[in-house]
Amino acid sequence: GKDKELIRDSWESLGKNKVPHGIVMFTRLFELDPTLLTLFNYKTKCGVVPECLSSPEFLEHVTKVMVVIDAAVNNLDDLDSLEDFLLNLGRKHQAVGVKTQSFSVVGEALLYMLQCSLGTDYTAALRQAWLNMYTIVVAAMTRGWAM
Ligand code: HEM
């Protein structure tokens, strides 16, 4: 329906530039919750935001997150097909000390990135469509987290 169309159309160009858009998203994430920085225990120290955002391992994680979003957008007709992957992903985040509430903060950062990138195309309907999709992704990760 219309929601899927809004998501697919808006992701078409964003999905081709995952790292820059992912950086906007994570910069916002650390503004919203700077304590999340401490969960990235990479060899390259992630003490402060600018250092962290240029560390290769961190940029890899940014890419990983964007690839998951990409997978969700590409499987909008059958998000259940991602269930096992997302359960496992939730479990992995439990193991590295991420709290489930932090997934919602990532959602806020995602919406912020969309707003920055889409300008006037960022409508209430588009925001809601993205939020609905992200909520489904996070619900599965949260179930896996608690397993
Ligand atoms: C792995 C942190 C949110 C996708 C990891 C790892 C850490 C981490 C420390 C393990 C090291 C690594 O692979 O880089 C966080 C923090 C988050 C967060 C602090 C903030 C709440 C997310 C979200 C997604 C995601 C929302 C996707 C929607 C991934 C993927 C992996 C990963 C795909 C690799 C898992 C694997 O090795 O199979 N994350 N993460 N992360 N994260 Fe996150």
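Right above here is the structure, for reference.
Everything in this summary refers to the structure shown in the same document. Being a predicted model, the structure only gives us computed values, none of them experimental. (Residues numbered from 1 in each chain as written. Predicted model: local features only at pLDDT ≥ 70, side-chain atom pairs only at ≥ 80, totals over all residues. Heavy atoms only, no water.)

## Structural notes on the overall build of the chain
Let me state the cut-off plainly: Numbering of helices and strands runs from the N terminus, with a helix taken as a DSSP run of H or I at least four residues long and a strand as a DSSP run of E at least two residues long. A radius of gyration in this sense is built from C-alpha atoms; the matching globule rule multiplies 2.2 Å by the number of residues raised to 0.38. Burial classification: accessible surface area is computed with a 1.4 Å probe over protein chains only, and a residue below 20% of its type maximum counts as buried, one above 50% as exposed, and the rest as partly exposed. Whether two residues are in contact is decided by their heavy atoms, any of which lying within 4.5 Å being enough. Note on areas: Shrake-Rupley with a 1.4 Å probe; residue coverage comes only from the protein chains shown. The convention is simple: Lys and Arg are positive, Asp and Glu are negative, and His and the chain ends are not counted. For the purpose of locating charges, the reference atoms are NZ of Lys, CZ of Arg, CG of Asp and CD of Glu.
Looking only at helices and strands, the chain features seven helices and zero strands. Each helix and strand of the chain, ordered N terminal to C terminal, gives the series α-α-α-α-α-α-α. A globule of 147 residues ought to have a C-alpha radius of gyration of about 15 Å, and the chain, at 15 Å, matches this closely. Its C-alpha atoms put the chain at 45 × 35 × 20 Å along the principal axes. A buried classification covers 43% of the 147 residues belonging to the chain. Contacts in the chain between residues far apart in sequence, at least 24 positions, make up 70% of those at least 6 positions apart. Counting only carbon and sulfur atoms, one obtains 57% of the accessible surface of the chain, whose full area is about 8100 Å². Considering the chain, the positive charge centre built from 14 side chains and the negative charge centre built from 17 side chains are found 5 Å apart.

## What to know about the coordination of the iron atom of the ligand
Which entries qualify depends on this criterion: Only nitrogen, oxygen and sulfur atoms qualify as donors, and only when within 2.8 Å of the metal (3.2 Å in the case of Na, K and Ca); with water excluded, sites may look incomplete. Sites are called tetrahedral only when four donors show all angles between 85 and 135 degrees, square planar or octahedral only when four or six donors show opposite pairs over 155 degrees and all other angles between 65 and 115, and irregular in any remaining case.
Donor atoms from the polypeptide that coordinate the iron atom of the ligand comprise H61 (NE2) and H93 (NE2), at 2.0 Å from the metal. For the iron atom of the ligand, the six donor atoms are set out with angles of 85 to 180° between them, so the coordination reads as octahedral. Of this pair, H61 sits in helix 4 (residues 56–74) while H93 sits in helix 5 (residues 83–95); the two residues are 32 residues apart in sequence, bridging distant segments of the chain. The same class applies to H61 and to H93, which are both buried.

## Comments concerning the packing of helix 5 against helix 7 (residues 124–145)
Relative placement of two packed helices is described by the angle separating their axes and the distance separating the axes. Cut-off, in case you're wondering: A fitted line through C-alpha atoms represents every axis, and for helices the fit uses only the stretch in contact; the resulting angles, taken between N-to-C directions, go from 0 to 180 degrees. Each angle is binned into one of four classes, with values under 35 degrees roughly parallel, values over 145 roughly antiparallel, values of 65 to 115 roughly perpendicular, and all other values oblique. In this scheme, a crossing is called left-handed if the near helix is turned counterclockwise away from the far one by less than a right angle; it is called right-handed if the turn is clockwise.
Axis separation between helix 5 and helix 7 bottoms out at 6 Å; the angle between their running directions is 60°. Judged by the inter-axis angle, helix 5 sits oblique to helix 7. Crossing handedness for the pair helix 5 and helix 7: right-handed. For the pair formed by helix 5 and helix 7, the contact residues are E83, L86, L87, L89, G90, R91, H93 and Q94 on the first element and V137, A140, M141, R143, G144 and W145 on the second.

## Focus: the nonpolar core
The tendency in soluble globular proteins is for nonpolar side chains to be buried as a group. Note the cut-off: Among buried residues, those of type Ala, Val, Leu, Ile, Met, Phe, Trp, Tyr and Cys that are joined through side-chain atoms within 4.5 Å constitute a nonpolar core.
M25, F26, I69, L114, W130 and M133 are the most contacted members of the largest nonpolar core, which totals 46 residues. For this core, the elements supplying multiple residues, two or more each, are helix 1 (2–14), helix 2 (18–32), helix 3 (49–53), helix 4, helix 5, helix 6 (100–118) and helix 7.

## Some details on the side chain of T100
Short version of the rule: By the criterion applied in these results, polar contacts are pairs of N or O atoms within 3.5 Å in which, for protein atoms, one can donate a hydrogen and the other can accept it, and in which residues neighboring in sequence qualify only through two side-chain atoms.
Here T100 shows up in helix 6. Polar contacts involving the side chain of T100 include one to the side chain of Q101, which spans 3.4 Å. Apart from the residues within four sequence positions on either side, T100 is in contact with T142 and W145.

## Some thoughts on the packing of aromatic side chains
Note the threshold: When the centres of two rings from Phe, Tyr and Trp lie within 6.5 Å, Trp using its six-membered ring, the rings pair. Their planes under 30 degrees apart give stacked, over 60 give edge-to-face, and anything left gives tilted.
With the rule as written, the count across this model stands at seven aromatic pairs. Measuring from centroid to centroid gives 5.5 Å for F26 and F58, while their planes differ by 85°, and the two rings are edge-to-face. Remark: F58 occurs in helix 4 and F26 occurs in helix 2; sequence separation between them is 32 residues. Exposure remark for F58: the relative accessible area of 0% places this residue in the buried category.

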